[in-house]
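Observations on the model geometry
Listed below, chain by chain, are the residues.
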Amino acid sequence: MFANYGYKDGSGDFFISIDTAKCAQCEAKPCIKACPEKILEIFTDDYDDEVIGVKEEHRKKVKYSCGPCKPITGKPNLSCQKSCPFAAITHSW
């Protein structure tokens, strides 16, 4: 299952997607510490698994919140994405 956080506007799609099945396998959650903007948090999903998600206040502005990592389409260069041992985090923009 994927959780998608972000938005779409006239200038494009800006989303962070998290494969919650892969995320649930990770106990360390190094992505939270790797994020320079601290936009990620741990929560319990509908299956009682601990997974990460984007904090509510950042969901409509991921393009700007994730700006310090300067995402490039198709390349795993977000700090959270690079730190994920299960490749559970992807982005689109």
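Everything that follows concerns the structure shown earlier in this document.
Below or above, wherever it landed, is the structure these notes cover. (Residues numbered from 1 in each chain as written. Predicted model: local features only at pLDDT ≥ 70, side-chain atom pairs only at ≥ 80, totals over all residues. Heavy atoms only, no water.)

What follows covers the sheet that holds strand β2 (residues 12–19). Spatially, 3 strands are ordered β1-β2-β5 in an open sheet, and the strand pairing comes out antiparallel. Single-partner strands in this sheet number two, and they are β1 (2–9) and β5 (89–92). Averaged over all pairs of adjacent strands, the angle between their axes in this sheet comes to 10 degrees, without regard to strand direction. (Pairing = 2+ DSSP bridges. Helix = DSSP H or I, 4+ residues; strand = E, 2+ residues; numbered from the N terminus. Axes fitted to C-alpha atoms, helices over the stretch in contact; angles between N-to-C directions.)

Applying the stated criterion to the full structure yields 1 salt bridge. Close ionic contact of glutamate 56 with arginine 59 constitutes a salt bridge, the shortest N to O distance being 3.0 Å. What makes glutamate 56 exposed here is its relative accessible area of 57%. Taking the relative accessible area as the measure of exposure, arginine 59 reaches 26% and is therefore partly exposed. (Salt bridge = Lys/Arg side-chain N within 4 Å of Asp/Glu carboxyl O. Buried < 20%, exposed > 50% of the residue type's maximum accessible area, 1.4 Å probe, protein only.)

Time to look at the environment of serine 83. Position of serine 83 relative to the elements: it lies in helix α4 (residues 79–83). Distance in space between the C-alpha atoms of serine 83 and threonine 20 is 16 Å, their sequence separation being 63 residues. Residues in contact with serine 83, not counting those within four places in the same chain, are Pro30, Cys31 and Ala34. One polar contact links the side chain of serine 83 to the main-chain amide nitrogen of cysteine 31, over a distance of 3.5 Å. (Contact = heavy atoms within 4.5 Å. Polar contact = N/O pair within 3.5 Å; in protein donor to acceptor, adjacent residues only side chain to side chain.)

Ranked by size, the top nonpolar core spans 23 residues in total, and within it Ile16, Leu40, Val62 and Ile89 carry the most contacts. Those elements that provide at least two residues to this core are β1, β2 and β4 (50–54). Not counting the four nearest positions on each side in its chain, isoleucine 89 is found in contact with Ile16, Ser17, Ile18, Cys31, Ile52, Cys80, Gln81 and Cys84. (Core = buried A, V, L, I, M, F, W, Y, C linked by side-chain atoms within 4.5 Å.)

For the structure on display, the rule yields 2 cavities of 30 Å³ or more. Computed from the structure, the largest cavity encloses a volume of approximately 70 Å³. Along the wall of the largest cavity there are 13 residues; nearest its centre are Cys35, Ile39, Cys66, Cys69 and Cys80. Along the lines of polarity and charge, the residues of the lining of the largest cavity split into 10 nonpolar, 2 polar and 1 charged. Looking at the second largest cavity, the residues that line it are Cys23, Cys26, Lys29, Pro30, Cys31, Ile52, Cys84, Pro85, Ala88 and Ile89. (1 Å grid on protein atoms, 1.4 Å probe; cavity = no way out; pocket = protein on both sides within 12 Å on 5 of 7 lines; lining within 4 Å. Points joined across faces, edges and corners; volume = space filled by probe spheres on them. Nonpolar A, V, L, I, M, F, W, Y, C, P; charged D, E, K, R; others polar.)

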